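Inside the fold
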Amino acid sequence: MKSDNQIHRDVLEELRWDPTTSIAEIAVAAKDGVVTLSGRISSFAQKAAALRAAERVAGVKAVADDLEVKLPSSLERGDTEIAHQVVEALRWDVEVPTDRVKAKVSSGWITLEGEVEWQFERSAAERAVRYLTGVKGVTNLLVVQPKGVSTFEVGQKIRDALRRSAERNAERIVVEAADGYVTLKGRVRSWAERQDAERAAWSAPGVREVKDDIMIGL
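Described in the following lines is the structure provided in the data block. (Residues numbered from 1 in each chain as written. Predicted model: local features only at pLDDT ≥ 70, side-chain atom pairs only at ≥ 80, totals over all residues. Heavy atoms only, no water.)

1. Some points on the overall build of the protein
Counting its regular elements, the protein contains seven helices and 10 strands. Relative to the compact-globule value of 17 Å for 218 residues, the protein shows a C-alpha radius of gyration of 19 Å, a close match. With respect to the principal axes defined by its C-alpha atoms, the protein has extents near 50 × 50 × 20 Å. For the protein, buried positions account for 41% of its 218 residues. (Helix = DSSP H or I, 4+ residues; strand = E, 2+ residues; numbered from the N terminus. Rg over C-alpha atoms; globule rule 2.2 N^0.38 Å. Buried < 20%, exposed > 50% of the residue type's maximum accessible area, 1.4 Å probe, protein only.)

Written out as structure tokens, the structure is:
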């Protein structure tokens, strides 16, 4: 098991290594495997990148987000201008069903609403607007409402995906599926492996919600 000091150093190194983050503006704290990122950064895209970088580090059990987006004056945009950018960004992304996604903008913060059939569509909609100029944050309220698939088929497809992508740990993960709701249990070695398992669950047809109860540690 890594010490908090080692996790702290590794997170700092990961932030320095990632060219999309600004390490000079980010403070890192680690306690009992929980990493807290704090400070003011100049874009929501940098915030998202910093959180992803911390989550990639082995030994990290959770990431607390105390980062504040403070846009420089040159990047400030009115809500109307941002809203027009959002409409165009969603329209040009082939993975987003634009007829099912609605967006609202308030003080630079985007809220996505509506229903989609797949988790990748939900993720694509957020990704499409995350990097727009003037955006301070994104709240993704899109609901995954899939077509009917049997409970057995959902569970089996997730287990097969876990075996393909993480064979060594597949047997340590228990999949429970009922009416489109999936619960993952077990233990993996890192936050990244836990996220891989969750992504595999979301990729199965018929999944509308995933509860991740996987624990991290040997």
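So, next bit.
2. Remarks on the layout of surface pockets
By volume, the largest pocket amounts to about 1,100 Å³. Taken together, 27 residues line the largest pocket, and the ones lying closest to its centre are Glu 55, Ser 123, Arg 130, Gln 195 and Arg 199. Those elements giving two or more residues to the lining of the largest pocket turn out to be α2 (44-56), α4 (119-130), β6 (137-140) and α7 (191-202). Put simply, the second largest pocket is a space of about 180 Å³. Met 1, Lys 2, Ala 58, Gly 59 and Arg 189 are the residues nearest the centre of the second largest pocket, which is lined by 13 residues in total. (1 Å grid on protein atoms, 1.4 Å probe; cavity = no way out; pocket = protein on both sides within 12 Å on 5 of 7 lines; lining within 4 Å. Points joined across faces, edges and corners; volume = space filled by probe spheres on them.)

3. Quick notes on the sheet that holds strand β2 (residues 34-41)
The strands that make up a sheet pair up through hydrogen bonds in the backbone, lying either parallel or antiparallel. As summarised here, the arrangement of the three strands in space is β1-β2-β3, forming an open sheet in which the pairing is mixed. Lying at the two open borders of the sheet, with one neighbouring strand each, are β1 (27-31) and β3 (62-69). Within this sheet the neighbouring strands show an average axis-to-axis angle of 10 degrees, counted without direction. Both β1 and β2 contribute to a ladder of five bridges, which runs antiparallel. The residue of β2 that forms the bridge with Lys 31 is Val 34. The strands touched by helix α1 (residues 4-17) within the sheet are β1 and β2, with β1 carrying the most contacts at an inclination of about 150 degrees. (Pairing = 2+ DSSP bridges. Axes fitted to C-alpha atoms, helices over the stretch in contact; angles between N-to-C directions. Contact = heavy atoms within 4.5 Å.)

4. Some thoughts on the sheet that holds strand β8 (residues 173-178)
Ordered in space as β8-β9-β10, the three strands form an open sheet in which the pairing is mixed. Looking at strand neighbours, the two that pair on one side only are β8 and β10 (209-216), the edges of this open sheet. Between one strand axis and the next, the sheet turns through 10 degrees on average, direction left out of account. Bridging between β8 and strand β9 (residues 181-188) involves six bridges; their strand directions are antiparallel. Opposite Ala 177, over in β9, you have Val 182 as the bridge partner. Against the sheet, α7 makes contact with β8, β9 and β10, and its axis sits at roughly 155 degrees relative to β10, the strand it touches most.

5. Here's the deal with the packing of α1 against α2
Relative orientation of the contacting elements α1 and α2 amounts to 135 degrees, with a least axis distance of 9 Å. Classed by the angle they form, the pair α1 and α2 counts as oblique. α1 and α2 meet at a crossing whose hand is right-handed. Across the interface between the two elements, Val 11, Glu 14, Leu 15 and Trp 17 of α1 pack against Ala 50, Ala 53, Ala 54 and Arg 56 of α2. Among the residues making up the contact of α1 with α2, the classes are represented as six nonpolar, no polar and two charged. (Parallel < 35°, antiparallel > 145°, perpendicular 65-115°, else oblique. Left-handed = near helix turned anticlockwise from the far one by under 90°. Nonpolar A, V, L, I, M, F, W, Y, C, P; charged D, E, K, R; others polar.)

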